[in-house]
Each structure stands twice: as C-alpha cells, then as structure tokens.
Amino acid sequence: KNLWLLERALKLVSLSYEKTEITLTSFSSQYSEYSLSDIQNAISGEQEDLMKSVLPALLQPWLDTFTPTLLGISVTGVSQIIPAMIAGDWIKQKYPNIHIVVGGSIITRWASDYNQLAPLFHKCFDSLIVFEGERPLAMLARALENNESFKTVPNLIYSEDNSISVNSVEKPLDIDSLPTPVFDDLPFDQYLSPYLVLPILTSRGCYWNKCTFCDHSFIYGN
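Residues numbered from 1 in each chain as written. Predicted model: local features only at pLDDT ≥ 70, side-chain atom pairs only at ≥ 80, totals over all residues. Heavy atoms only, no water.

**Student:** Looking at this model, I keep getting lost on the overall build of the protein. Mind explaining?
**Tutor:** If you tally the helices and strands in the protein, you get 7 helices and 7 strands. Against the globule reference of 17 Å for 222 residues, the protein gives a C-alpha radius of gyration of 19 Å, in line with a compact fold. Dimensions of the protein along its principal axes, counting C-alpha atoms only, are 45 × 45 × 40 Å. In the protein, of all internal contacts separated by at least 6 residues, the share reaching a separation of at least 24 is 60%. Here the protein displays about 14,200 Å² of accessible surface, and carbon together with sulfur accounts for 54% of that area. The centroid of the 15 positive side-chain charges in the protein is displaced by 3 Å from the centroid of its 25 negative side-chain charges. (Helix = DSSP H or I, 4+ residues; strand = E, 2+ residues; numbered from the N terminus. Rg over C-alpha atoms; globule rule 2.2 N^0.38 Å. Contact = heavy atoms within 4.5 Å. Areas by Shrake-Rupley, 256 points an atom, 1.4 Å probe, with all protein chains shown as cover. Lys, Arg positive; Asp, Glu negative; His and termini not counted. Charge placed at Lys NZ, Arg CZ, Asp CG, Glu CD.)

**Student:** Would you mind showing me how to read the pairing of strand S6 (residues 156–160) here?
**Tutor:** When a strand is regular, its side chains alternate between the sheet's two faces. Of all 5 residues that make up S6, 4 are buried, and the element is covered over most of its length. Here 3 bridges tie strand S5 (residues 127–129) to S6, and the two strands are oriented antiparallel to one another. From the neighbouring strand, serine 127 faces S6, where its bridge partner is tyrosine 158. The sheet contact formed by S6 and strand S7 (residues 163–166) spans 4 bridges and is antiparallel. What sits directly across from glutamate 160, in S7, is serine 163. Two successive antiparallel strands, S6 and S7, enclose a turn made up of 2 residues, where aspartate 161 displays a positive phi of approximately 55 degrees. (Buried < 20%, exposed > 50% of the residue type's maximum accessible area, 1.4 Å probe, protein only. Pairing = 2+ DSSP bridges.)

**Student:** Please explain unusual backbone geometry as it appears in this structure.
**Tutor:** Comment: phi is negative for the bulk of residues other than glycine, and the bulk of peptide bonds are trans. Phi is positive for asparagine 147, close to 55 degrees, though the residue is something other than glycine. The residue asparagine 147 is located in the loop between helix H6 (134–145) and S6 in this model. Accessibility expressed as a relative area gives 73% for asparagine 147, which makes it exposed. Positive phi, close to 55 degrees, is recorded for aspartate 161, a residue that is not glycine.

**Student:** Is there a simple way to think about the sheet that holds strand S3 (residues 70–74) in this case?
**Tutor:** Across a sheet, strands are paired by hydrogen bonds formed along the backbone, either parallel or antiparallel in direction. In space, the 5 strands of this open sheet follow the order S3-S4-S5-S6-S7, with mixed pairing throughout. Taken across any chain shown, the strands that pair with only one partner, and hence form the sheet edges, are S3 and S7. Ignoring which end each strand starts from, the neighbouring axes of this sheet average 25 degrees apart. Examined bridge by bridge, strand S4 (residues 99–103) and S5 share 2 bridges and lie parallel to one another. Of the residues in S5, the one forming a bridge with valine 101 is serine 127. On the sheet, helix H4 (residues 81–94) packs against S3 and S4 and is oriented at approximately 170 degrees with respect to S4. (Axes fitted to C-alpha atoms, helices over the stretch in contact; angles between N-to-C directions.)

**Student:** In this structure, what is going on with the pattern of salt bridges? I would like to understand it.
**Tutor:** A side chain with one charge may pair with a side chain of the opposite charge, provided their charged atoms come close. Scanning all chains against the criterion turns up 3 salt bridges. Between lysine 92 and aspartate 126 there is a salt bridge whose closest N-O contact spans 2.8 Å. Residue lysine 92 is found in helix H4, and its partner aspartate 126 is found in the loop between helix H5 (105–110) and S5; the two are separated by 34 residues along the sequence. The exposure classification of lysine 92 matches that of aspartate 126, with both residues buried. Among the salt bridges present, the one from arginine 135 reaches glutamate 170, with a minimum N-O distance of 2.5 Å. Placement of arginine 135 in helix H6 and of glutamate 170 in the loop between S7 and helix H7 (217–220) is noted, with a sequence separation of 35 residues between them. Looking at arginine 135, the relative accessible area reads 38%, which means it is partly exposed. (Salt bridge = Lys/Arg side-chain N within 4 Å of Asp/Glu carboxyl O.)

**Student:** Which parts of the structure should I look at to understand the packing of helix H2 (residues 36–44) against H4?
**Tutor:** When two helices pack together, their arrangement is captured by the angle between the axes and the distance separating the axes. At their nearest, the axes of H2 and H4 sit 9 Å apart, and the two run at 50 degrees to each other. As the angle between them shows, H2 and H4 are arranged oblique. Once H2 is placed against H4, the crossing between them reads as right-handed. On H4, the residues that touch Ile39, Ala42 and Ile43 of H2 are Ile81, Ile82, Met85, Ile86 and Asp89. Residue composition of the contact of H2 with H4, grouped by class: 7 nonpolar, no polar and 1 charged. (Parallel < 35°, antiparallel > 145°, perpendicular 65-115°, else oblique. Left-handed = near helix turned anticlockwise from the far one by under 90°. Nonpolar A, V, L, I, M, F, W, Y, C, P; charged D, E, K, R; others polar.)

In structure tokens, the structure reads:
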C-alpha cells in the first residue's frame, strides 16, 4: 500500500512538469542523456525545475553543516546522468571549493568521449574515475588533502590548464585483497524494501573473461 501511494505521489509530481517523469527507479525528461547539447540545456534550462527545487532541501542543510573537500557522485544507470549533472552544477555554484568526482559503471563508458565532455568540467564536476574506483578514490582524497598533483592517481580524468588529462588505468585489484564491505552505518529503516537487501556482485574479478553476453569487462577492466 505504501509503495502504491509513493508511486501515485510521484506520478502527480511529474504531471506538474512538462515531459518530465520521475519514478522510484528512473528519471526521464525531454532531454536525451546521449546528447551533450541536451545535457547542457537540461542544466541551464527552466524545464528541470523539479530537480532544481528538490536539491536545496536535500543537500543544503548537510553541506552547510559539513562542507567536504571531496564529494562523489555515482552514476550506475543512464537515467541518472542528467540528474547527476544538474546536481553537480548546483553544488559547484553554491560550493565552488568542493572537488566533485563522478564515477560508476555508466561513467566508464561515457568518458570514452572525454574530449566532448570538456564543457562540463568544473561546471558539473572536476574529475572522473573510470573502471574500479576504490584505490583511485582513496588516492584522489589523499592528493587533495596534501595539495598534491593528480598525475599519479590512476583511472582519473581531469581538467588542467584548459586541457583534459587522462591518467593510466591500473590493473584491477585482486578481489581477495580488498576488505569485506561494511554496511553498519546505513539507515536500513529508511529504505523502501520490505526486507534487508545487500549487494553482492558475483561477476567482479571473474577470471574467465570470455562470456559474450557479459559486459562487465567494459566496466571493471576484467
């Protein structure tokens, strides 16, 4: 019943915005996620007031209380691209000193045309991390903390001196060398799932790497 109510509420909210629909699992608008000009129009246009009206309520109280040096945005679905860029643009306008890094499986594919993304650097984000991100993200945080160069941060794409720099991609980590994920601090009572669900990605680190139906080699490198 509660799920039905939420879905109906989102439907009513969507009706207030032309060609915009938000559901519990997707976001769609008149703009295409596959067009850079459409993404730019979504950021600067008036049609996405839905996102722009929600962001201050969601983010400003937290960012005013604790303004981080580094903020990460993960994009794991195509429909998240435009909301992520709108969010990044809003944060950069309000908090220009925050370094925004964007990553996730969609970004790994999206960033293959990184030169075309030049207009979005420093407007929506400062850097991109492609493929696996655990070690690169930790190294980026350390570089920011120590005011060091980004040149040694693997898997990183960033803008420097009006040009795009692409660092080398490191060999994927041995999955057995990584610590077991810890979910202790997640607010499980606030999730919509009626029971506890934790993610397990069984194809990561697959030694076979030959299945034609599997696209994880494009995301994780092996």
